[in-house]
Structures are given as structure tokens and as C-alpha cells.
Amino acid sequence: MVNGLAIAIQAAMLSALYAVVAIGFTLIFGVGGVLNLAHGATITIGAFAGFYAVSAFGGGVFAAVTAAVLASGAFGAVLYLGLIRPFRDDPTIIMILTLIVAIAIEYLFLVVEGTSAYTVPQIVAGTTTVGGASVPYNLVAIFVASWLIIGAVFYWVNRTDTGRAIIATSMDSKGAFLVGIDSDQINLLMWVVASVLAGIAGYFFGSYLTIGWSMGRTPLILSFAIVILGGLGSVRGSVIGAYLIGSIEVVTTNVINPQLQGLAPLVAVIIILLVRPSGLYGKEIDIA
Amino acid sequence: MTQQRTRTFGRRSFLATGTSIAVASIAGCQTGEDSGGSDGQSTGNGQSTSEETQGGTAATTSSSGSDPLKIGVLAPSPENNPNGRGMANGARLAGDRLNANGGVLGSDVEVIVKNTKGNAGAAREAYQDLTLGEGVDLTTGVMSAEVLMSLMDAIANQETLHITSGAITPGASAMVAEDYETYKYHFRSSLNGILLGRGLEDFVTDVFPQQGWTDVAMLGMDSQDVTPLQNGVAGWFEEQDFNLVYNESFSPGTQNFNPLFDQVEESGADVLLPMMVTPGSTAAIVQWANGERPFEFAGIHTPSQSPTFYEETDGAAAHTVTSNISSPQAEYSQKTQPFIAEYGERFGKAPVFTGFTTGGAIGMWAEALKQAGTRDVEELITTLESTSYTSVQGLMEFYAPDHQFAHDLKYQLGQGVPIFTQWQPNADDSNQGTQEVIYPEEFRTAEYQSPPWIN
């Protein structure tokens, strides 16, 4: 068994990345009341955009992350304007549409890139030792960047006028409209921001693990788990949920059985749905 | 209040339902995915079976007007799975070479490729199309244990020769040994899992002491292909002078190997002996290299067998060792290098191992046809059982019907497969790597190199 410090480091760093993914997922659900099943596919788009920036154009890490941001943001905008907006009041249709988009994007990458896994440059190369545990600098960089992103989103949602408009829209879109908030613009903004977060997370995942056509599936499932666990519409809940899910995964792998990696978070979701369906910090929002 | 409660419940229920749909759909997508190294992947979208035909019409130098000899290839997603593509292209090249040399028994050879999509249902359908629809004389290919075992009864019923060129499960040869009359139509042109384990044991015995490695960690994918191999090697270690300090299985869907590597590191192992056969296990090598883990990496890692793996991992593959068949450096026989060159010229890439094993299967079958002088399947089986054939993958002979590995390729280290290759950075450009053969001695092209962070 690995020492507790190594487990804690793994859990802390991996969970920060999960939080970035989950925040994007929960923002769309919190504001629009819809499930974006293409969130995982957006992660794949971001990762491959970074990969192409490096492999095809010879760019560095900065260029790769920029490409991930631009590609995923553009995808989010096109997805919202082209498919989501016409059906924004029908969550079931949107769920089906985003599922179809997710499968189509996966298949596109499968056809173009095959089943191979690829790598993208690490943000920072090398490794260090903390308390006897090896910690790649890249993971430290991902951890720091993720927390900067989390902090920025938290500040943006809670301390800016746009953020207040987002909260207002999430509480009551008609009421927000009456006070001059364009909920359509807010929704578009949410889709773009959520997609950018997913795209950046995609590159981070790629630099830590590898990239491949189906790489978005696990983060999508984890997003569900985190949002259910942490509570709806809550950035804070998503972060805490991410840390719980990330910790469950790392501890399960290290302490119980490595073969349970990936299964433990799903079990946690089922338990939460049965025991505390509102999540830990969830605040159900009436969007009627 | 009532309205809000109702709405609240609805939203939560919606999320739960969405979760179920997403998980179910994703689980569905993952059925058969990359299994067993892999028999391709389900596209998860109901993609129809791909079908391509190529062969005899391209080279008709020998045609005597008789019916062509048809070869059916059961390949997992040959458009985008490297192993499936290797099977398809290896068969095409072998077929064209036979035609260019006058065909076999006065007939041209026609190659028909069908997509198994990595699952038993599609594979059975493809097999029926090939045998009942196309009337093939030989089927080959098949990547995973699950698919092969699901086809064994169909192979017996159709009484059509089948030479597996991918799946390593010893279950198939056990069926031949136990009920020869029923299952005698099955042969295998690649080593089975137990024999791959024997190769691994020989490699460990000869190489580990030279390198001073005494403490060994073993990490194997939990699958029908790998688990028997891992258990067998673990049992073997108990009788050796090595310390097996860590032995663990992991789920086929594992992407994050760092927690496992933490455990290996904690165990104090000198070397990790991986048994990893899916494309997803590329992540293991990347995380090992990026984390500069203080143990060597030498065992079975199927993705790193690919000639393009070094480039795909941006050099992370450097200093890893894997049991292998394909290597651009390999020279099993005088046929090997011309085969690699022609394959690369025609398909743009060097062949992966399934290119060798499928090419070898067809070469062996053609040799048996020539020796038997007939297409009669009973006579062909008898001939195959006694034929020695030097193929692109070296000496090929099959175990006798009364052997526990009946009709499987014989393990003959130093005369044929396997070899052990190490990715070594090129001296003039470390962004490029070469797949050097480090074992066995007969085929060696370079000495082992340790990762720089361990020296």
C-alpha cells in the first residue's frame, strides 16, 4: 500500500482537474436546466486541437492551450446557436441532440485518428519527490492552473455584473428578462465558457494521461457524479464534489482494488441519489 | 410551494435519468472496446459492417480459369484499428505475392476482408458471410479471445480451415486437443498466451540477471487473454531466484496508472513487467516516462509494438521493452525485410504484428496447398500438421493433435517469434527512435539501454 501522503497528493491534484470539468457541466445545467452530453466530446475537441497545434503547426504548450480554448469555445457557440437554442425549452430534445453530437464527434475522431492514443507536450516536464512520493511537475502545474481557473470562475459568477445576471437567469429567466437581462446571451455565454473549460481540461488530461477518440467518456461520467454529489447549480458544490469523487477514486485504487478504478464514483452517485438526492450543497432552482 | 417541489423533483429525476442514459449509452459504446488488445472497437453508433474485396483480379498471371482460392479475413475495424488494418493489409500483400508468383494450384488467390467490429455478434455474422456467402477456402484474423471462442463452434460446423492470427487464448487449442475431430479445423499462426509467457520467462531468465534486476513487479490487464498468462508467470516466479514484490491486475478501462505506479515504486521493484494489450495502455508508458519512475519497464505492451509508437508518444516510449513480433529491424528469415519493405511501400507504414502473423498464416496455408496438391480440407489439415515453413516471421510449425496446444504455432526461440524490442532514441536525433531487437541473441541488433533517470 502506498503511503497516505502520496494518496493525498494524487487526490488533491486530480480532483482539481475534475472540478474544472464539472464546473462547466454544472454551469450549463444550472442556468439552462439542460444536460450537455456533448461535454465529454468537447474535452476531446480541446485535446485534439492542442495536439494538432503541436503536431501540425509546430506550436508549443501556449499555442496548444490557445488552440484548445479557441476550438472548444467555437464549438460551444456553434452547438448552442445551431442546435440548442431552437430547443432550449425542451431538455429531453437537447439531451438527445447532445448525445448524438457526442457520438458523432467521437466517431469522427475514430475515423480520422484511429484507436491509437497520442500524447501532447507536458505543461512542465520533470518530476519531484514529496514525502517519498514522485510528483510530476506537470501535475503540479495542472493543479495550480485548475485552481486559478476555479478561482476566476468563482469570482466571475459571484462578484461581477455578468455573474449576477447568470445567477438571476438561473433563478428565473423570465424575471431576469423583465429586468433587462438577455437570457439568450447568458445561455450562449454559458455554453461558450463551459466548453472552454472542457477544452482546457481536455488538454490537461491529455498532457497527464494521453489523448484518444473516446477520452471524453470518463470525464463526462465523473461530471455526472460530481454534479449529483455536489449539488446543482453550485460552483462550490462542484469543487467539493470533485474532491470527494477524486478522493474516492484514488483511495479505492490505492487501498481497495485497482480494478475498481472508475466504478467507485458511480457507486457513490447511486448512494447519493438514494440517500441525499439534493446533493451535499445543492439548491434546487425553480426555472418555471 | 407545491409547484416548486414538483419542479424540483422533476429536475432531479431528469438529471438521474440523464445519468442513466449517458452511462448506459457509454457502457454500450464500450462493449468490445479495445478488448484483448484489441479486437477493435465498437463504434457505438450502429455502423454497418465494413467490407472490402481485393486480390485475385489485380494479378492474374497464373489463372487457369479455375475457381479462385478465397481467403476471408476477420479483422477488427480494419479502417481505423492498427491490428485490424495489419491483418487486412498483411493478407492483401500475401495474396498479391502469391498471385504474382503464379497463384496456388493454378488458381488465383482472392482476399475478402470483413469487419468483426470487435464483438462476437458481428464476428459471427461476418464469419457466416465468408463461409456461406463467399464460400471461402480459409478464414484468418480474429483478435480477441472473446471473439475467437464465440467462433469455434461455427468453425467446426462449417468445416472450413481457420488460422487465427491475433487472439492468444489457449482455450481454442485446448478445444482442438480435447475434441480433435470436431475442432481440428482451427490453427494459430501466432503464439498463444502461455507460450508468450514462456518467451517472457526465457527473457527474464537470461536478461534480468545481466541487468542486476532481482525485484520484479507485475501489472496485468484483467482480461480473458492476459489473466491466464499473468497467473502462469506469477506461478513460475515462485520457483525462481527473483522476488515478485508486487503483482496486481487492473481494469481494461484504466487511464490513470499513476496510483498503480506509486504502489510499484513503494514495493521497491527494480523492473516492472507489464502485460498490457489495449491502445489505452499507451497512457501507462507516457505516465511512467513523464513521472521518471525509478523502475525499468520490460514485458508485454502491445501498443508499443507498433513501428509508429515512438512518434505517437513524442518519445515517451524511449527505453521501454516489449515482447514483439514486428520490428522494422527484425530479420527472422530472408523473407522478412523484403516483406517489411514491400508492405511499407504499399501501405505507407511498417506492418504491426498482425501483418506478420496474417502473412505467415497465408504463406503456411499456401505451402500446405502446394504440398498436398489438393484443396481437400482433410488432407490440408494433415499436411499442415507436418509442414515446416520458413515465413516472414521465421520458422513455422504447428503442435501435434495430441499436444496440449494442438495446432498452435510452436515456440522455437531463436528460430522465429517472439523477439524482445526496445525503443532507443536515435543518436543523431532523440526525437526519432528505433525499435532495436535486444533478445534473443540470434536476432539481436543492439544492447539494452537503461532510462537516463535510473542510471
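(A) Structural context of the overall build of chain B. When its secondary structure is counted, chain B shows 14 helices and 15 strands. Here chain B, with 455 residues, has 62% of them falling under the buried criterion. Taking contacts inside chain B between residues at least 6 apart in sequence as the whole, the part at least 24 apart equals 71%. A total accessible area of about 15500 Å² is found for chain B, and carbon and sulfur atoms account for 44% of it.

(B) Focus on the confidence of the model for chain A. Averaged over every residue, the pLDDT of chain A is 88; the share at 70 or more is 96%. Overall, residues 284-288 of chain A carries pLDDT values under 50, and its contacts beyond four positions in sequence, including any with other chains, amount to 20 contacts.

(C) Looking closely at the pattern of salt bridges. Residue and element names in this part refer to chain A. Summed over the entire model, instances satisfying the criterion amount to 16 salt bridges over all chains. A salt bridge links Asp184 to Arg88; its shortest N-O distance comes to 3.3 Å. A residue pair is termed long-range when its members are at least 10 positions apart, and Asp184 in helix 8 (residues 183-208) and Arg88 in the loop between helix 3 (61-84) and helix 4 (91-113) qualify at 96 residues. A relative accessible area of 25% places Arg88 in the partly exposed class. For Arg217, the salt bridge goes to Glu106, with nearest N and O atoms at 3.0 Å. On the criterion of sequence distance, the pair formed by Arg217 in helix 9 (residues 217-230) and Glu106 in helix 4 is long-range, its members being 111 residues apart. When sorted by exposure, Arg217 lands in the same class as Glu106, which is buried. Counted as one network, the salt bridges with shared partners bring together Arg85, Arg88 and Asp184.

(D) Region of interest: helix 6 (residues 161-171) of chain A. Residue and element names in this part refer to chain A. Those residues of helix 6 that fall on the buried side of the exposure criterion are Gly163, Ala165, Ile166, Thr169 and Ser170. Projected down its long axis, helix 6 shows its buried positions confined to an angular sector of 160°, all on one face. Residues of helix 6 that are buried make contact with helix 1 (4-32), helix 5 (137-159), helix 7 (173-178) and helix 8.

(E) Quick look at the packing of aromatic side chains. Applying the stated criterion to the full structure yields 31 aromatic pairs over all chains. Arranged with centres 6.0 Å apart and planes meeting at 90°, the rings of Phe48(A) and Phe51(A) form a pair that is edge-to-face. Here Phe48(A) and its partner Phe51(A) are both found in helix 2 (residues 39-55), three residues apart, which amounts to about one turn of the helix. The burial state of Phe48(A) is the same as that of Phe51(A); both residues are buried. Relative to Phe356(B), the ring of Phe339(B) has its centre 5.4 Å away and its plane inclined at 65°; by these criteria the two rings are edge-to-face. Of this pair, Phe339(B) sits in helix 12 (residues 336-347) while Phe356(B) sits in helix 13 (residues 353-372), placing them 17 residues apart in sequence. Joined through ring pairs, the aromatic side chains of Phe203(B), Phe208(B), Trp213(B), Trp236(B), Phe237(B), Phe242(B), Phe420(B), Tyr439(B) and Tyr448(B) make up one cluster.

(F) View of the pairing of strand 8 (residues 243-250) of chain B. All names here are of chain B. Bridge count between strand 7 (residues 215-221) and strand 8: seven bridges; the pairing is parallel. Bridging from a neighbouring strand, Gly220 pairs with Ser249 of strand 8. Considered for its hand, the β-α-β crossover made up of strand 7, helix 8 (residues 226-237) and strand 8 is right-handed.

(G) Molecular detail of the nonpolar core. If you look at the biggest cluster of nonpolar residues, it comprises 127 residues, and the most contacted ones within it are Phe203(B), Phe208(B), Phe237(B), Leu273(B) and Trp365(B). Residues in contact with Phe208(B), not counting those within four places in the same chain, are Phe203(B), Trp213(B), Val216(B), Phe242(B), Val271(B), Leu273(B) and Ala298(B). Core analysis: the next-biggest nonpolar cluster, separate from the first, contains 84 residues, Ile7(A), Ile9(A), Ile23(A) and Ile94(A) among them.

What counts and what doesn't
- Each residue is numbered by its place in its chain's sequence as written, counting from 1.
- Chains carry letters from A onward and ligands carry numbers from 1 onward, assigned in written order.
- The predicted nature of this model means local features are confined to residues of pLDDT at least 70 and side-chain atom pairs, given and counted, to a pLDDT of 80 or more, with totals for whole chains, interfaces and linings taken over all residues.
- The basis for every side-chain value is the complete set of heavy atoms in the structure, and neither hydrogens nor water enter the calculation.
- The numbering of helices and of strands both runs from the N terminus, where a helix is a DSSP run of H or I of at least 4 residues and a strand a run of E of at least 2.
- Buried residues are those whose accessible area, probed at 1.4 Å on protein chains only, stays under 20% of the maximum for their type, while exposed residues exceed 50% and partly exposed ones sit between those limits.
- Contacts were defined at the residue level, with two residues in contact if any of their heavy atoms lie within 4.5 Å.
- In these tables, accessible area is a Shrake-Rupley quantity obtained with a 1.4 Å probe, and a residue counts as shielded only by the protein chains included in the view.
- Confidence scores per residue from the predictor, reported as pLDDT, run from 0 to 100.
- When a carboxyl oxygen of Asp or Glu is within 4 Å of a side-chain nitrogen of Lys or Arg, the pair counts as a salt bridge.
- The arc under discussion is defined with respect to the helix axis, by the directions toward the C-beta atoms.
- Working definition: a ring pair exists when centres of Phe, Tyr or Trp rings (six-membered ring for Trp) sit within 6.5 Å. Plane angles under 30 degrees give stacked, over 60 give edge-to-face, the rest tilted.
- Following DSSP output, two strands are said to pair if at least two bridges run between them.
- The definition of a right-handed crossover adopted here requires that, viewed with the strands pointing away, the path from the first strand over the helix to the second runs clockwise.
- Take the buried residues of types Ala, Val, Leu, Ile, Met, Phe, Trp, Tyr and Cys, join any two whose side-chain atoms come within 4.5 Å, and each joined set is a nonpolar core.

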